Amino acid sequence: MTRTPHILIVEDDREIATLVSRFLRNNDFRVRAVANGREMDVALRDGRFDLIVLDLMLPGEDGLSLCRRLRNDGAMPIIMLTAKGEEIDRILGLEMGADDYLVKPFNPRELLARVRAVLRRVSSPALPDIGESPTLRFAGWTLDKAVRRLFNPEGERVVLTGAELDLLLAFCERSRRVLSRDQLLDLTQGRAAAPFERSIDVLVSRLRQKMERNPREPELIQTIRSGGYMFSPEIEAG
């Protein structure tokens, strides 16, 4: 029997929290809503969640700080809500580790679509396999697609968010090919979520911070002027 996904909503606007909670429950999700970071911490100690919907503007500790803390603890998917709608807020949310963002006011159906899309990306690789092997190796790194885990050349696990891992898979399965930002958006997120133009740049920056010896002079993920990006290592499957 398939387990019903459990969503944690961190939103201090009671009307929005109630509306979103009711809508998600009506679409076969378990939901718990809290109003601030302190209540979020209690909820995470008490239960297991599959995704967090996190408001940017919260009383006390704000959403960006909470997102940073969550990322330090693991790779649980995060969808950030922001009322500002300015690109800098979306960039900051992605830089802190959010998997997606949504600008208020929003249609609950749009949030539902993004929740489903993020959970789908996290639960199983969305891209075709290289051969039949679930394991990819490159430049000393090992990517286990079956369990969606990345290991560095020293054998230590490097925790990636769902969005970061999807981007790395897209690079690995198209190694040594120049991929435009639009191609990478289609391969990792699709057009339904209407991600903004800079999101791929932010995700590439996050991958470089975790994988490159010197992120300022990247060797693995190269920027191609007027073209996009290219993943340079040779990939070995198996």
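Coordinates for the structure precede this section.
Draft legend 1. The arrangement of the layout of surface pockets in detail. Roughly 240 Å³ of internal volume is contained in the second largest pocket. What lines the second largest pocket is a set of 13 residues, and nearest its centre among them are Ala75, Val122, Arg148, Arg157 and Leu160. Within the residue set of the lining of the second largest pocket, elements represented by two or more residues are helix H5 (108–123) and helix H6 (162–172). Residues belonging to the lining of the second largest pocket are distributed by class as follows: 7 nonpolar, 4 polar and 2 charged.

Draft legend 2. A look at helix H8 (residues 199–211). Its 13 residues place the ends of H8 18 Å apart at the C-alpha level, agreeing with the 18 Å of an ideal helix rising 1.5 Å per residue. Counting buried positions along H8 yields 10 of 13 residues, so the element is predominantly enclosed. Residues Ser199, Ile200, Asp201, Val202, Leu203, Val204, Arg206, Leu207, Arg208 and Met211 constitute the buried set of H8.

Draft legend 3. Spatial organisation of the pattern of salt bridges. By the definition in use, this model includes 14 salt bridges. A salt bridge links aspartate 46 to arginine 32; the nearest nitrogen and oxygen atoms lie 3.9 Å apart. One end of the pair, aspartate 46, is in helix H2 (residues 37–46); the other, arginine 32, is in strand S2 (residues 30–34), with 14 residues separating them in the sequence. Look at arginine 32 and you get partly exposed, because its relative accessible area is 30%.

Draft legend 4. Just the nonpolar core, in detail. Grouped together as the largest cluster of nonpolar side chains are 28 residues, with contacts concentrated most on Phe138, Leu143, Leu150, Leu168, Phe171 and Phe231. Every element with two or more residues in this core is listed here: strand S6 (135–138), strand S7 (141–144), H6, helix H7 (181–188), H8 and strand S12 (228–231). The leading source of residues in this core is H6, at 8 residues. The residues touching phenylalanine 231, leaving out its near neighbours within four places in the chain, are Phe138, Leu168, Phe171, Cys172, Ser175, Arg176, Arg177, Leu220 and Ile221. Core analysis: the second largest hydrophobic core is formed by 18 residues, Val53, Leu81, Phe106 and Leu119 among them.

Draft legend 5. Molecular detail of the environment of methionine 40. With respect to the helices and strands, methionine 40 occurs in helix H2. Exposure remark for methionine 40: the relative accessible area of 0% places this residue in the buried category. Distance from methionine 40 to isoleucine 9, taken between C-alpha atoms, is 8.5 Å for residues 31 residues apart in sequence. Look past the residues within four positions of methionine 40 in its chain and what remains in contact with it is Leu8, Val10, Val34, Leu66, Arg69 and Leu70.

Each value, and the rule that gives it
- Residues numbered from 1 in each chain as written.
- Predicted model: local features only at pLDDT ≥ 70, side-chain atom pairs only at ≥ 80, totals over all residues.
- Heavy atoms only, no water.
- 1 Å grid on protein atoms, 1.4 Å probe; cavity = no way out; pocket = protein on both sides within 12 Å on 5 of 7 lines; lining within 4 Å.
- Points joined across faces, edges and corners; volume = space filled by probe spheres on them.
- Helix = DSSP H or I, 4+ residues; strand = E, 2+ residues; numbered from the N terminus.
- Nonpolar A, V, L, I, M, F, W, Y, C, P; charged D, E, K, R; others polar.
- Expected span 1.5 Å × (residues − 1).
- Buried < 20%, exposed > 50% of the residue type's maximum accessible area, 1.4 Å probe, protein only.
- Salt bridge = Lys/Arg side-chain N within 4 Å of Asp/Glu carboxyl O.
- Core = buried A, V, L, I, M, F, W, Y, C linked by side-chain atoms within 4.5 Å.
- Contact = heavy atoms within 4.5 Å.

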